[in-house]
Amino acid sequence: MARPSGPGPTGAPVAAKNSLEDLAILGGQPAFPEPLHVGRPNVMNRERLLERLNDLLDRRWLTNNGPYVQELERALAARLGVKHCVATCNATLALELVLRAADLNGEVIVPSFTFVATAHALQWLGITPVFCDVDLATHNIDPDLVEALITPRTTAILGVHLWGRPCDVKALADIARRHRLTLLFDAAHALGCSLSGRMVGGFGEAEVFSLHATKFVNAFEGGAVTTNDDRLAARVRAMRNFGFAGEDTVVSVGTNAKMSEASAAMGLTSLECMDDVIAINRRNYAHYRRLLGNLVGIRLLPYDERERSNFQHVVVEVDPVAAGLDRDTLRDVLRAENVLARRYFHPGVHRMEPYRSSLARPHLPRTELLTDRVLSLPTGTAAGPWEIEAVYSILRVALAGASEVKGRASRAAPPANDGGGSPP
Ligand code: T4K
């Protein structure tokens, strides 16, 4: 019988698993009555948010570089120790703006082990993404492999600080300098993270953050470009607003990538609670680390204790030989329990359209290994010790009975779907 272990943050009962018969995939009751998501938005200070929403309605200033957007930009720039911050409606458009403002074309070197938006931003502008393999330990673009991909058409390197763990900025900056390439970073995951004590935000020519609902600091939808380059900042700022640099002066091509005041109100409120959410993420991460350390074949990705991290991603690698079960079977086991663990970023951008059909298949053995092994587990304010212990108990029981699970799960497996979440 499943042992009831207690209520989670939502107050719903959570049942820990003790034996194979308890597993839902083998006929037991799901551990969670409601889905436990990865990426559940953190909604912290509702009163403050509603106050701000009331203010903006009273003010009747709803968008177009309003006071909350400007306040958010100042707050972010101050936190990150960077000269300029330009808030946008999402990070994908922020990437497109900065690529355009930096006059990039031709080819840009980028990892394939990332969210598809990183490559789509390039492709949308007619720039060819050239996929580079990653370092198996850091999951970030491997600088040792970058130089071999440089051609006369290469104009930039776009690194991604995956899971909030910063790239090897020094090595990439060295390559960029020697080959006169622009260096940019997709820092969608890395708000509040540091490298050698310096906050992510000021590396390369510019960095891009996401404030999407699923990020630990969110603006419903939102993004931000940060840079110390005055000219680049001015260009991004104009391009965000149709190229306007005055009431009726248009200085460049532009788009509409403005952040609304409602989003900025959420962003500011969320940013004020950032340290509290990091503390929760850190506690959850430590709890997972204590428990998962007992499981053979499961490696929890570490964060550098000397640096600042937001701990918003709890990522494990499943070694199918050592664990006795592969990642997809474990994901199916968890899903049957209503734990919606995600296999970010399967199958790798180079194996998605349009890249799969339009590019010669790149040699990315490490990316392909990782996209078969990585699983993201729930954390944030939606998960607490009860939930984490229940998730651990599911994994522990499944791994202990691996051969039994393998045989029976293959007959009962639900269809795979990692294309995006469906609303409740
Ligand atoms: N670069 C990188 C490296 C990125 O990771 C991202 C985005 C970007 C660039 C682009 O940033 P934005 O343009 O989005 O600002 C999610 C997010 O939509 C995406 O922002 C994020 N990365 C990516 C890693 O994850 P999906 O396809 O996983 O979304 P979805 O709808 O499945 O949501 C994830 C989970 O969260 C689900 O289990 C449901 C739950 N959820 C989601 C939303 C939106 C909620 O409980 N409530 C909600 O409101 O992409």
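None of the values given here were measured: they were computed from a predicted structure. (Residues numbered from 1 in each chain as written. Predicted model: local features only at pLDDT ≥ 70, side-chain atom pairs only at ≥ 80, totals over all residues. Heavy atoms only, no water.)

1. Some remarks on the packing of aromatic side chains
Next, step 1: Here the structure, examined in full by the defined rule, presents ten aromatic pairs.
Next, step 2: The interplanar angle of 70° and the centroid separation of 5.2 Å between the aromatic rings of Tyr285 and Tyr303 together place this pair among those described as edge-to-face. In this pair, Tyr285 is assigned in helix H9 (residues 274-292) and Tyr303 in the loop between strand E13 (298-300) and strand E14 (314-318), connecting sequence segments 18 residues apart.
Next, step 3: Using a relative accessible area of 3% as the deciding quantity, one classes Tyr285 as buried.
Next, step 4: Here Tyr303 falls in the buried class, since its relative accessible area comes to 8%.
Next, step 5: Pairing Tyr285 with Phe311 gives two aromatic rings, centres 5.4 Å apart and planes at 50°, and the pair type is tilted. (Phe/Tyr/Trp six-rings, centres within 6.5 Å; stacked < 30°, edge-to-face > 60°. Helix = DSSP H or I, 4+ residues; strand = E, 2+ residues; numbered from the N terminus. Buried < 20%, exposed > 50% of the residue type's maximum accessible area, 1.4 Å probe, protein only.)

2. A word on unusual backbone geometry
Next, step 1: Residue Tyr344 is joined to Phe345 through a cis peptide bond whose omega torsion reads 0°.
Next, step 2: Looking at the secondary structure, you find Phe345 in the loop between strand E15 (339-340) and helix H12 (355-358).
Next, step 3: For the peptide bond that leads from Glu353 to Pro354, omega is 5°, which places it in the cis range.
Next, step 4: With respect to the helices and strands, Pro354 occurs in the loop between E15 and H12.
Next, step 5: In this model, Ser196 sits at a positive phi of 50°, which is unusual for a non-glycine residue.
Next, step 6: The residue Ser196 is located in the loop between strand E9 (194-195) and strand E10 (198-199) in this model.
Next, step 7: A relative accessible area of 67% means that Ser196 is categorised as exposed.
Next, step 8: For Phe311, which is not glycine, the phi torsion reads 55° and is therefore positive.
Next, step 9: Relative to the assigned elements, Phe311 resides in the loop between E13 and E14.
Next, step 10: With a relative accessible area of 5%, Phe311 lands in the buried category.

3. As for the confidence of the model for the chain
Low pLDDT marks stretches whose predicted atomic positions should not be read closely.
Next, step 1: For the chain, the average pLDDT comes to 94, and 93% of its residues sit at 70 or higher.
Next, step 2: Between the elements of the chain, mean pLDDT differs from a low of 56, seen in strand E1 (residues 3-7), to a high of 99, seen in strand E8 (residues 182-186). (pLDDT = per-residue confidence, 0-100.)

4. Digging into the sheet that holds strand E16 (residues 374-377)
Next, step 1: Taken in spatial order, the three strands of this open sheet run E13-E14-E16, and their pairing is antiparallel. Looking at strand neighbours, the two that pair on one side only are E13 and E16, the edges of this open sheet. Each neighbouring strand pair of the sheet contributes to a mean axis angle of 30°, computed without reference to strand direction.
Next, step 2: As paired strands, E14 and E16 are joined by four bridges and run antiparallel to one another. Residue pairing across strands places Val315 opposite Ser376, the latter belonging to E16. (Pairing = 2+ DSSP bridges. Axes fitted to C-alpha atoms, helices over the stretch in contact; angles between N-to-C directions.)

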